[in-house]
Amino acid sequence: ENEINSLFHLSIDTKDFKLESKLDSKLDSKIDSKVDDTLDNTLAMNHLSNEVSIEIGTTSTTGATLLSLSNTPNFMSLPLELQGYCPWTLVHARGLLVSGKPNLGVIRYNNLYYVCDHNLAIKSFINDPEFYLYKIKERIYKNPEYIHLLRLQKWFPKTSIMR
């Protein structure tokens, strides 16, 4: 706690109601390098996602199928798992919740429907949905708040938010 307090100093000017924070230069450089790494990874991922294409309606060897508005009559009313968040991003971005894009297609796997944020995520999830579902469950064991946030009570039927 003392280490944190030495890195982050807080001062409040009661006259102007201003909240000012001053970060140590070491912390600033760490944050800058993390932001740069994240931007580099995002740019690389966007480049790859433009090169990856999946054919709509094709069923993979895992049993996952990419559906679209043109081949699915009730496309707009499909119940999306994970509250419509991208499973790939949830796994690879350390729990970050990013909305999937149904316009890229909806993946049907075991009669459940998932959406992803980009084409690379779609391809990865279709090729190994069990890996992603396992990794999401693993994350939920560490962060149980996801159970109710993502409405995954069926995976963990004995959980309750009541005390």
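The preceding data block contains the structure.
Attention here is on the structure that accompanies the text. None of the values given here were measured: they were computed from a predicted structure.

Rules behind the numbers
Residues numbered from 1 in each chain as written. Predicted model: local features only at pLDDT ≥ 70, side-chain atom pairs only at ≥ 80, totals over all residues. Heavy atoms only, no water. Helix = DSSP H or I, 4+ residues; strand = E, 2+ residues; numbered from the N terminus. Buried < 20%, exposed > 50% of the residue type's maximum accessible area, 1.4 Å probe, protein only. Areas by Shrake-Rupley, 256 points an atom, 1.4 Å probe, with all protein chains shown as cover. Expected span 1.5 Å × (residues − 1). Arc of directions from axis to C-beta. Contact = heavy atoms within 4.5 Å. Salt bridge = Lys/Arg side-chain N within 4 Å of Asp/Glu carboxyl O.

**Re the overall build of the protein**
Helix and strand counts for the protein stand at six helices and five strands. Sequence-ordered secondary structure for the protein, helices as α and strands as β, is α-β-β-α-β-α-β-β-α-α-α. In the protein, buried positions account for 31% of the 163 residues. If you sum the accessible surface of the protein, you get close to 11400 Å²; carbon and sulfur atoms cover 53% of it.

**A closer look at helix α5 (residues 129–142)**
With 14 residues, α5 should reach 20 Å at 1.5 Å per residue; the first-to-last C-alpha distance of 20 Å fits that figure. Among the residues making up α5, those that are buried are Pro129, Tyr132, Leu133, Ile136 and Ile140. The arc that holds every buried residue of α5, seen down its axis, measures 95°, which confines them to one face. Opposite the buried face of α5, by more than 90 degrees, sit the exposed residues Tyr134, Tyr141 and Lys142. Looking at the buried residues of α5, the elements they touch are α3 (87–92), β4 (106–109), β5 (112–115), α4 (119–127) and α6 (145–149).

**What about the pattern of salt bridges?**
The full count for this structure, using the stated rule, is three salt bridges. A salt bridge links Glu81 to Lys154; its shortest N-O distance comes to 2.8 Å. With Glu81 in the loop between β3 (65–67) and α3 and Lys154 in the segment after α6, this pair connects stretches of sequence that are 73 residues apart. Judged by its relative accessible area of 10%, Glu81 is buried. Taking the relative accessible area as the measure of exposure, Lys154 reaches 48% and is therefore partly exposed. Residue Asp117 pairs with Lys101 through a salt bridge whose shortest N-O separation is 3.6 Å. Of this pair, Asp117 sits in the loop between β5 and α4 while Lys101 sits in the loop between α3 and β4; the two residues are 16 residues apart in sequence, bridging distant segments of the chain. Judged by its relative accessible area of 17%, Asp117 is buried. Residue class for Lys101 comes out partly exposed when judged on its relative accessible area of 38%.

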